[in-house]
Amino acid sequence: VQLVESGGGLVQAGDSLRLSCLVSGRPLPTYGMGWFRQAPGQEEREFVAAINWTGINTQYADAVKGRFTISRDNAGIYLQMNSLKPEDTAVYYCGAESKVGVVTAAGLYDYWGQGTQVTVSS
């Protein structure tokens, strides 16, 4: 399974971005997927949002609830990010896992993309 993120960039506070994560290899519907981020100086990736393999169940970190929306289709997953804040600045990674349910722990993910940089200026 290969994951390729895109859509990052430099924006101002209050702007929006839409990240994409396209999947190749094993059929996507068999995996739950999620978005994580890692800011400079952080040792571990921080959970942002996750969606189960059916697309019915989602979960969000408190810091992004009401601003970010995760979705999926047969090609991959997406993260619509609205009302961006400087503290959202990070490298954003998508991951795929074959567990049951919505997975929020990075250590349980089986595959990762290379990341896409999101920078929000104040």
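Above this text sits the structure in question.
This section reports on the structure supplied with the text. (Residues numbered from 1 in each chain as written. Predicted model: local features only at pLDDT ≥ 70, side-chain atom pairs only at ≥ 80, totals over all residues. Heavy atoms only, no water.)

A word on the nonpolar core. The biggest cluster of nonpolar side chains holds 32 residues, and the ones touching the most others in it are Met-33, Trp-35, Val-48, Phe-68, Leu-79, Met-81 and Tyr-92. Among the elements that take part in this core, strand S5 (residues 46-51) stands out by supplying five residues, more than any other. Among all residues touching Val-48, those that are not within four sequence positions of it are Trp-35, Phe-36, Arg-37, Gln-59, Tyr-60, Ala-61, Val-64, Phe-68, Leu-79 and Tyr-92. (Core = buried A, V, L, I, M, F, W, Y, C linked by side-chain atoms within 4.5 Å. Buried < 20%, exposed > 50% of the residue type's maximum accessible area, 1.4 Å probe, protein only. Helix = DSSP H or I, 4+ residues; strand = E, 2+ residues; numbered from the N terminus. Contact = heavy atoms within 4.5 Å.)

Along the chain, the position of Gly-115 falls in the loop between strand S10 (111-112) and strand S11 (116-121). Along the backbone, Gly-115 and Arg-37 are 78 residues apart, and their C-alpha atoms lie at a distance of 8.5 Å. When near neighbours in sequence (up to four residues on either side) are disregarded, Gly-115 contacts Glu-5, Val-91, Tyr-92 and Tyr-93.

This part covers the packing of aromatic side chains. One pass over the full model with this rule turns up five aromatic pairs. A centroid spacing of 5.1 Å and a plane angle of 75 degrees characterise the contact between Phe-36 and Tyr-109, whose relative ring orientation is edge-to-face. Of this pair, Phe-36 sits in strand S4 (residues 32-38) while Tyr-109 sits in the loop between strand S9 (90-97) and S10, and the two are 73 residues apart along the sequence. With respect to burial, Phe-36 and Tyr-109 carry one shared label: buried. Judged by centre distance (5.5 Å) and plane angle (40 degrees), the rings of Tyr-109 and Trp-112 are tilted. Connected via pairs of aromatic rings, a cluster forms that spans Phe-36, Phe-47, Tyr-109 and Trp-112. The side chain of Arg-45 reaches across the aromatic face of Tyr-93, ending 3.7 Å from its centre. (Phe/Tyr/Trp six-rings, centres within 6.5 Å; stacked < 30°, edge-to-face > 60°. Lys NZ or Arg CZ within 6 Å of the ring centre and 35° of its normal.)

Our next topic: the side chain of Glu-97. Take Glu-97: it is sitting in strand S9. Classification of Glu-97 by relative accessible area gives buried; the value is 0%.

Two side chains bearing opposite charge may form a pair once their charged atoms approach each other closely. Considering all chains together, one arrives at four salt bridges under this definition. The partner of Arg-37 in a salt bridge is Asp-88, with the nearest N and O atoms 2.9 Å apart. Highlighted residues: Arg-37 in strand S4 and Asp-88 in the loop between strand S8 (76-81) and S9, separated in sequence by 51 residues. We classify Arg-37 as buried; its relative accessible area is 5%. Measuring nitrogen to oxygen at the nearest pair gives 3.2 Å for the salt bridge that ties Lys-65 to Asp-62. One network of salt bridges, with partners in common, ties together Arg-37, Glu-46, Arg-67 and Asp-88. (Salt bridge = Lys/Arg side-chain N within 4 Å of Asp/Glu carboxyl O.)

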